[in-house]
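# Per-entry structural report
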Amino acid sequence: MASTVTSAELEAWLRAAAVELAAHADELTALDSAIGDADHGTNMARGFAAVIEKLDAASGGEPTVPALLKSVGMTLVSKVGGASGSLYGTLFLDMAKASPAEDALTLAQAADVVAAGVAGVVGRGHAVVGDKTMIDAWEPAVTALQDAAASGASAADAFAAAAAAAAQGRDATEPLIARKGRASYLGERSAGHIDPGAASTTILLDTLARVTAESASDGKSA
Ligand code: ADP
Ligand code: MG
């Protein structure tokens, strides 16, 4: 079983994520219309469409993992807008900074890279678990990913565990009162709705789990 992640797999993930975010844009925007300003779905779909345009326009061979992640981060910062633009941008830029200049990462390296990206989001947005933000999905996902990496899981199984943990974290945001971001302006009225950023995080991780599982069953590095 493969326990590496290549930049080609990451690129396949980004392409699949763009499709998923576009398919779920209305759903994410509906979540954001309940506790925000009804733009999260369009923000994410627009940002990832721009990421794919840039990938399509790139010439030359496959980029290294950090070059790919940095390019995504810069695109998201400039194209997504809203709080999530700078937060998702920071996630990818800080993942890039933490990534060795290789075209594949071991699963342990990948877990460290994701942890560094999430630490960057926390450094910028100062949210902790329970504040009803994307961090409620990312933090448990990082823990699950690190645990899976330490136990010698395959990349596909590790990302599946991370996605499952993110989904639990997403669902757990529903009863919470938001303490960060636009939703916090609503106070108690923010309770009873799932956080849109935790939902988009779960979409990204679900897609990563699916793409790495497909790549493993293709016998990529059997
Ligand atoms: P905006 O709130 O500016 O309209 P979006 O609607 O695109 O931006 O994104 C909203 C999401 O951003 C929220 O659902 C939440 O998950 C996330 N978010 C907002 N503020 C923070 C923060 N300080 N830390 C982490 N995530 C945050
Ligand atoms: Mg919004």
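In the block above lies the structure referred to throughout.
The structure presented is a predicted model; accordingly, all values stated were derived computationally and were not measured.

## A few points about unusual backbone geometry
The backbone of Ala-38 sits at a positive phi, close to 60°, despite the residue not being glycine. Among the structural elements, Ala-38 can be located in the loop between α2 (25-35) and α3 (40-57). Judged by relative accessible area, which is 33%, Ala-38 ranks as partly exposed.

## A word on the site of ligand 1
Around ligand 1, the structure places 19 residues, and the nearest of them are Asp-37, Asn-43, Ala-83, Ser-84 and Asp-195. Between ligand 1 and Asp-39, the relevant distance is 3.0 Å, taken from an oxygen atom to a side-chain nitrogen or oxygen of the residue. Separating an oxygen atom of ligand 1 from a backbone N or O atom of Met-134 is a distance of 2.9 Å. In isolation ligand 1 has 570 Å² of accessible area, and contact with the protein removes 93% of it. When atoms are counted within 2 Å of each cavity's grid points, the one that captures over half of ligand 1 is the largest pocket. Of all the elements, helix α5 (residues 82-98) adds the most residues to the shell around ligand 1, at four residues. Classifying every residue of the shell around ligand 1 by side-chain character gives five nonpolar, eight polar and six charged.

## Some words on the environment of Val-113
By secondary structure assignment, the location of Val-113 is in helix α6 (residues 107-125). On the basis of relative accessibility, which here comes to 4%, the residue Val-113 falls in the buried class. Sequence-distant contacts of Val-113, that is, excluding residues within four places in its chain, are made with Leu-69, Met-95, Ala-98, Ser-99 and Leu-105.

Definitions and cut-offs
The residue numbering used here restarts from 1 in each chain and proceeds along that chain's sequence as written. Think of it this way: whatever chain is written first is A, whatever ligand is written first is 1, and the rest follow in order. It should be noted that, the model being predicted, local features are given only for residues of pLDDT at least 70 and side-chain atom pairs only at 80 or more, the latter also being counted only at that level, while totals for whole chains, interfaces and linings use all residues. Only hydrogens and water are set aside when side-chain values are computed; all heavy atoms of the structure are taken into account. Secondary structure elements follow DSSP: runs of H or I of four or more residues count as helices, runs of E of two or more count as strands, with numbering from the N terminus. Between buried and exposed lies partly exposed: a residue is buried under 20% and exposed over 50% of the maximum accessible area for its type, with that area taken using a 1.4 Å probe on protein chains only. Only a single heavy atom is needed: when it lies within 4 Å of a molecule or strand, its residue is near that molecule or strand. Any pair of nitrogen or oxygen atoms within 3.5 Å is treated as a polar contact; in protein, a donor-acceptor pairing is required on top of that, and neighbouring residues in sequence qualify only through side-chain atoms on both sides. Every accessible area reported is derived by Shrake-Rupley at a probe size of 1.4 Å, with residue values counting cover from the shown protein chains alone. Two kinds of site are reported from a 1 Å grid over the protein atoms alone, namely cavities, where a 1.4 Å probe fits but cannot get out, and pockets, open sets with protein on both sides within 12 Å along at least five of seven lines, and residues are called lining when an atom falls within 4 Å of a point. For this analysis, a molecule is said to be in a pocket or cavity if more than half of its atoms are within 2 Å of the grid points defining it. Note on residue categories: nonpolar means Ala, Val, Leu, Ile, Met, Phe, Trp, Tyr, Cys or Pro, charged means Asp, Glu, Lys or Arg, and polar means any other residue, Gly included. Any two residues whose heavy atoms approach within 4.5 Å at even a single point are treated as in contact.

Function cannot be read off these values alone, since they describe shape.
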